[in-house]
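Structure at a glance
Residue-level listing of the chains:
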Amino acid sequence: MRYYLIAGEASGDLHASRLMRALKQHDNDAQFRFYGGDLMQAEGGTLVKHYRELAYMGFIPVLLHLRTILQNMKRCKHDIMKWQPDVVILIDYPGFNLSIAKYVKSNAICPVFYYISPKIWAWKEHRIKNIKRDVDELFSILPFEVAFFEQKHHYPIHYVGNPTKEEVEAFKKTWHMERDCFYHHNCISEEKPIIALLCGSRRQEIKDNLPAMLQVTDVYSDRFTIVIAGAPGIEPEYYQPFLKGHSAKYIQCQTYGLLCEARAALVTSGTATLEAALFDVPQVVCYETPLPRLVGYLRKKLLKVKYISLVNLIADREIVRELVADSFTLSNMKRELEAILYGCQREEMLKGYKEVRQCLGNECAPENAACIMTELLKKD
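Structural notes, computed from the coordinates. All values derive from a computational prediction rather than experimental measurement.

1. What to know about the overall build of the protein
The secondary structure content of the protein amounts to 17 helices and 13 strands. Here the C-alpha radius of gyration of the protein, 21 Å, is about what a compact globule of 380 residues would show, namely 21 Å. For the protein, the spread of C-alpha atoms along the three principal axes comes to 60 × 50 × 40 Å. In the protein, which comprises 380 residues, the proportion classed as buried is 53%. Look at the contacts in the protein between residues 6 or more apart in sequence, and 65% of them connect residues 24 or more apart.

Okay, here's the thing in structure tokens:
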């Protein structure tokens, strides 16, 4: 069968690549064409557009690049129509992907599957109408989404397990063979513990969050090694201006290795918060926004959930501190980082991480999703 996949960022590239690998196990004739990244390309098929050309977030960046975004969307629609796949599989990235779903459905090209469902429970809940209309099957990787979609909106979904948990556990099993190489290759001394800075996967996130993270951690540089996790798809040169005047080290595309060794982390909200939890790294969630007081007010009025980090959302309680908008201040960051480096809050957070693991279960998400997808397509 012919599978057309669309992933618009680094995490989507990872999850989509593992889904592709699983699909090949169930379908010997699988052919792939996709918008995605290097990991998907390594699984075979045709890369039409790299996610580096798609990853815009925030009102201003989207507005500035609107022409490019619309051109990419138009090209994607035409490419799908020309290739005539047996299914289109969308991976997160709802602003782009829901438009594609509408096009595919309205032109009756093929079924539309959504792997890693849009986070409409946080905001833009009205998108449920588009999902019901344009998406044939929805695959969730977060357990709390089942009640949201099925009970609140009467839309059946498939909870297939969480791929991040499986990816982290698989990495841990082989880390002992890579550990020495990690320290040697990155010229990091093992004498000092590490504070990791995970400042996002997009340029705007890095620009907004990294300067404050570096300023806060400067005072620890005599006792700790401060290490920035470079994001896939962002060239190393982009980070260099931020590093001037700081002793922090930069490493590229080695986030899991870094988290294996980190004592604590400052993390921009996203999948990275869950990754840090699964590696048992105490963290402070930091997310700077423009007009922080206004955004802080609007957050309370517009967001449908109490938390922004996956850790807290999965547990349905505060396990990690979230410093967002008006609470994102240097003094708050310093206080919370100190608490997880030395205080009792550190042990409480590690206990909370065990709770998160239990909530996620032990299912193999890409394997489960691939099995369900191929069975559904055979019926058609």
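2. Some points on helix α16 (residues 345-360)
The first and last C-alpha atoms of α16 sit 23 Å apart over 16 residues, in line with the 22 Å expected at 1.5 Å per residue. For α16, the full list of buried residues reads Arg-346, Met-349, Leu-350, Gly-352, Tyr-353, Val-356, Arg-357 and Leu-360. One side of α16 carries all its buried residues, which in axial view fall inside an arc of 160°. Facing away from the buried side of α16 by over 90 degrees, the exposed positions are Lys-351, Lys-354 and Gln-358. Of the residues trailing α16, Gly-361 is marked for its positive phi of about 80°.

3. Notes on the pattern of salt bridges
In this structure the tally under the stated criterion is 22 salt bridges. With a shortest N-O distance of 3.0 Å, Lys-24 and Glu-43 are connected by a salt bridge. Of this pair, Lys-24 sits in helix α1 (residues 10-26) while Glu-43 sits in the loop between α2 (38-42) and β3 (46-50), and the two are 19 residues apart along the sequence. One salt bridge connects Glu-336 with Arg-335, and the closest N-O pair in it is separated by 3.3 Å. Of the residues examined, Arg-335 reaches a relative accessible area of 44% and is grouped as partly exposed. Put simply, Glu-318, Arg-321, Arg-335 and Glu-336 are held in one network by salt bridges that share partners.

4. Side note on the packing of helix α8 (residues 163-185) against helix α12 (residues 271-278)
The contact between α8 and α12 brings their axes to 10 Å, and the two run at 45°. As summarised for this structure, α8 and α12 are arranged oblique, according to the angle between their axes. Here α8 and α12 pass one another in a crossing that is right-handed. Together, Thr-164, Lys-165, Val-168 and Lys-172 of α8 and Thr-271, Leu-274, Glu-275 and Leu-278 of α12 make up the contact between the two elements.

5. Focus on α12
Because an α-helix completes one turn every 3.6 residues, residues spaced three or four positions apart along the sequence face the same direction. The buried fraction of α12 is high, at seven of eight residues. Where α12 terminates, the next one or two residues include Asp-280, which has phi positive at roughly 60°.

6. Things to note about unusual backbone geometry
One non-glycine residue, Ala-108, adopts positive backbone phi at about 50°. If you trace the backbone, Ala-108 turns up in the loop between α5 (94-106) and β5 (112-115). Assessed through its relative accessible area of 68%, Ala-108 is described here as exposed. Its identity is not glycine, yet His-154 carries a phi of approximately 55°, on the positive side. Examined against the element boundaries, His-154 turns out to sit in the loop between α7 (145-152) and β7 (158-159).

7. Considerations on the environment of Glu-9
Along the chain, the position of Glu-9 falls in the loop between β1 (2-7) and α1. For the pair Glu-9 and Leu-330, spaced 321 residues apart in the sequence, the C-alpha separation amounts to 29 Å. Among all residues touching Glu-9, those that are not within four sequence positions of it are Tyr-51, Asp-92 and Arg-202.

8. Concerning the side chain of Asp-27
With respect to the helices and strands, the residue Asp-27 is situated in the loop between α1 and β2 (31-36). Buried charge without a partner: Asp-27 forms no salt bridge, and the closest opposite charge is Lys-378, 7.7 Å away. For Asp-27, the side chain forms a polar contact with the main-chain nitrogen of Met-1, separated by 3.1 Å. Leaving out residues up to four positions away in the same chain, Asp-27 has contacts with Met-1, Tyr-3 and Thr-374.

9. Brief notes about the state of the cysteines
What the rule picks out here adds up to zero disulfides. With no disulfide partner, Cys-199 has as its closest neighbouring cysteine sulfur the one in Cys-286, 11 Å distant.

What counts, and where the lines are drawn
- Residues numbered from 1 in each chain as written.
- Predicted model: local features only at pLDDT ≥ 70, side-chain atom pairs only at ≥ 80, totals over all residues.
- Heavy atoms only, no water.
- Helix = DSSP H or I, 4+ residues; strand = E, 2+ residues; numbered from the N terminus.
- Rg over C-alpha atoms; globule rule 2.2 N^0.38 Å.
- Buried < 20%, exposed > 50% of the residue type's maximum accessible area, 1.4 Å probe, protein only.
- Contact = heavy atoms within 4.5 Å.
- Expected span 1.5 Å × (residues − 1).
- Arc of directions from axis to C-beta.
- Salt bridge = Lys/Arg side-chain N within 4 Å of Asp/Glu carboxyl O.
- Axes fitted to C-alpha atoms, helices over the stretch in contact; angles between N-to-C directions.
- Parallel < 35°, antiparallel > 145°, perpendicular 65-115°, else oblique.
- Left-handed = near helix turned anticlockwise from the far one by under 90°.
- Lys, Arg positive; Asp, Glu negative; His and termini not counted.
- Polar contact = N/O pair within 3.5 Å; in protein donor to acceptor, adjacent residues only side chain to side chain.
- Disulfide = S-S within 2.5 Å.

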